[in-house]
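The residues making up each chain are set out below.
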Amino acid sequence: MQGTLVISLDFELLWGVFDKVNYKEKFEYFSNTRKVIPEILKIFEDNDIHCTWATVGMLFNENWEEWESNIPEVLPDYERKELSAYEFGNKIRSKETEKLCFAPDLIKKIAETPNQEVGTHTYSHYYCLEEGQTLKAFTADLKKSMELAKKIDLQLKSLVFPRNQFNMEYLKVCDKLGIESLRSNPEVWYWKDTQKDSLLQKIFRTGDAYAGGFNKVYKPERNLEKPFAQKASRLLRPFRNDFTDRIKINRIKSEMIYAARKNKIYHLWWHPHNFGNYPEKNLAELNEIVQCFKFCREKYNYQSATMNSINKIVKANS
């Protein structure tokens, strides 16, 4: 099969970070995020880039009243109560916080843009390896995402587990509900046990963004399991400074060129809110990556695919 660039974005807004940040300090950050998403879509459309937007289901709601009406029948009973999106949501309910938590307008814009796939990041940014949650609660959560997507004629076929808490025991439920593609973690030790996430793991993950071999590109093995799990390659980290970011972008470009030359898959991912600080710098870096992809497409016949479309390509070549 041809070399392929896969891009997946974890679209969360506040639901992905509410336990890590003070939301009162993030209004400008998420306002920038909302503005930058149409810019990302324009870059993708202008350059024929395919992308999967793994979307937290709560974003489908228009407001807090609709959010309350869509609470699933079974909720995760996390031992770490600070992880509950429902407890958090009830604490911050107000008109001013709705732009931090809901985005049906942006979801529709994504769905209307050519070659963009709306996938799921679960309904409540569900943590599949945390103590206290259950398979029954996960099933109710995923069903709710499917239900809200169906209301606007979307079928969710691809899933990204929040915080990369990949739970093998939940794959049968995913398959039963129509999920065909999953994103799994790179097969290196510092991407395992992400719910524990030691300091050493964080150090190695950060360092890997700037130096190392070409071990993040891959050829998919023949795999008839359902859903099809595809490894992530590289997290596009947000802009920090011109010096370190030049090293970071050069690493991504070299990995992409290597994948194109060797007819391998390179799976790049990030969160749209990662562009909330320094949006112009981050968009400029994305444009540079896209220009590298176009070079690879012209020279090596490199292609672009969503998670679900690469799944079909791999099956056809198995």
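Above: the structure in question.
The rules behind the values
Residues numbered from 1 in each chain as written. Predicted model: local features only at pLDDT ≥ 70, side-chain atom pairs only at ≥ 80, totals over all residues. Heavy atoms only, no water. Helix = DSSP H or I, 4+ residues; strand = E, 2+ residues; numbered from the N terminus. Buried < 20%, exposed > 50% of the residue type's maximum accessible area, 1.4 Å probe, protein only. Expected span 1.5 Å × (residues − 1). Bend = angle between axes of the 7 residues up to and from the residue. Pairing = 2+ DSSP bridges. Contact = heavy atoms within 4.5 Å. Right-handed = clockwise from strand over helix to strand, strands pointing away. Axes fitted to C-alpha atoms, helices over the stretch in contact; angles between N-to-C directions. Parallel < 35°, antiparallel > 145°, perpendicular 65-115°, else oblique. Left-handed = near helix turned anticlockwise from the far one by under 90°.

For the rest of this paragraph, the subject is unusual backbone geometry. Although it is not a glycine, Leu13 sits at a positive phi angle of roughly 50°. Its place among the elements puts Leu13 in the loop between β1 (4–11) and α1 (27–46). Even without being a glycine, Asn301 presents a positive backbone phi close to 60°. With respect to the element layout, Asn301 can be found in the loop between α10 (279–300) and β9 (303–305).

If you trace the backbone, Lys35 turns up in helix α1. For Lys35, a relative accessible area of 57% corresponds to the exposed category. The spatial distance from the C-alpha of Lys35 to the C-alpha of Pro279 is 9.1 Å, given a sequence separation of 244 residues.

Quick look at α1 now. In this model, α1 (20 residues) spans 30 Å end to end at C-alpha, consistent with the 28 Å of a helix rising 1.5 Å per residue. In α1, a bend of some 25° at Val36 exceeds every other bend along the element, and Pro38, a proline, comes one to four places later. Within α1 the residues assigned to the buried category are Tyr29, Phe30, Asn32, Thr33, Arg34, Val36, Ile37, Ile40, Leu41, Ile43 and Phe44. Where α1 terminates, the next one or two residues include Asp48, which has phi positive at roughly 55°.

All right, on to the pairing of strand β3 (residues 116–120) then. With respect to burial, β3 is a largely interior element, five of its five residues being buried. The two faces of β3 match: Gln116, Val118 and Thr120 on one face and Glu117 and Gly119 on the other face are all buried. For strand β2 (residues 51–55) and β3, the ladder comprises five bridges, and the chain directions are parallel. Pairing of Ala54 across the sheet is with Gly119, part of β3.

Bringing the side chain of Thr139 into the picture now. In this structure, Thr139 sits in helix α6 (residues 135–151). Overall, the relative accessible area of 18% leaves Thr139 in the buried class. Not counting residues up to four positions away in its chain, the partners in contact with Thr139 are Val173 and Leu177.

Within strand β8 (residues 265–270), six of the six residues are buried, which leaves it mostly tucked inside the rest of the structure. Going residue by residue along β8, you find Ile265, His267 and Trp269 tucked away on one face and Tyr266, Leu268 and Trp270 tucked away on the opposite face as well. Of the pairings in the sheet, the one linking strand β7 (residues 234–235) to β8 comprises two bridges and is parallel in character. Considered in β8, the bridge of Leu235 is made with Trp269. A crossover connection joins β7 to the parallel β8 through helix α9 (residues 242–261); in handedness this β-α-β unit is right-handed.

Along the chain, Gly16 falls in the loop between β1 and α1. Gly16 sits in the buried class, given a relative accessible area of 4%. Linking Gly16 and Tyr126, residues 110 residues apart in sequence, is a C-alpha distance of 9.5 Å. The contacts of Gly16, once residues within four sequence positions are left out, are His125, Tyr127 and Arg163.

The subject of this paragraph is α6. Its 17 residues give α6 an end-to-end C-alpha distance of 25 Å, which sits within 8% of 24 Å, the value for a rise of 1.5 Å per residue. Buried residues of α6: Ala137, Phe138, Thr139, Ala140, Asp141, Leu142, Lys144, Ser145, Met146, Leu148 and Ala149, and no others. Residues of α6 that are buried sit in contact with α3 (85–92), β3, β4 (158–160) and α7 (171–176). Within two residues after α6, Asp153 carries a phi angle of roughly 65°, on the positive side.

Our next topic: the packing of α1 against α10. Relative to each other, α1 and α10 sit at 20°, their axes nearing to 11 Å. Viewed along their axes, α1 and α10 adopt a mutual orientation that is roughly parallel. Considering only the axes of α1 and α10, their crossing is right-handed. Between α1, through Asn32, Val36, Glu39, Ile40, Ile43 and Phe44, and α10, the contact on the second element is made entirely by Pro279, Leu283, Leu286, Asn287 and Val290.

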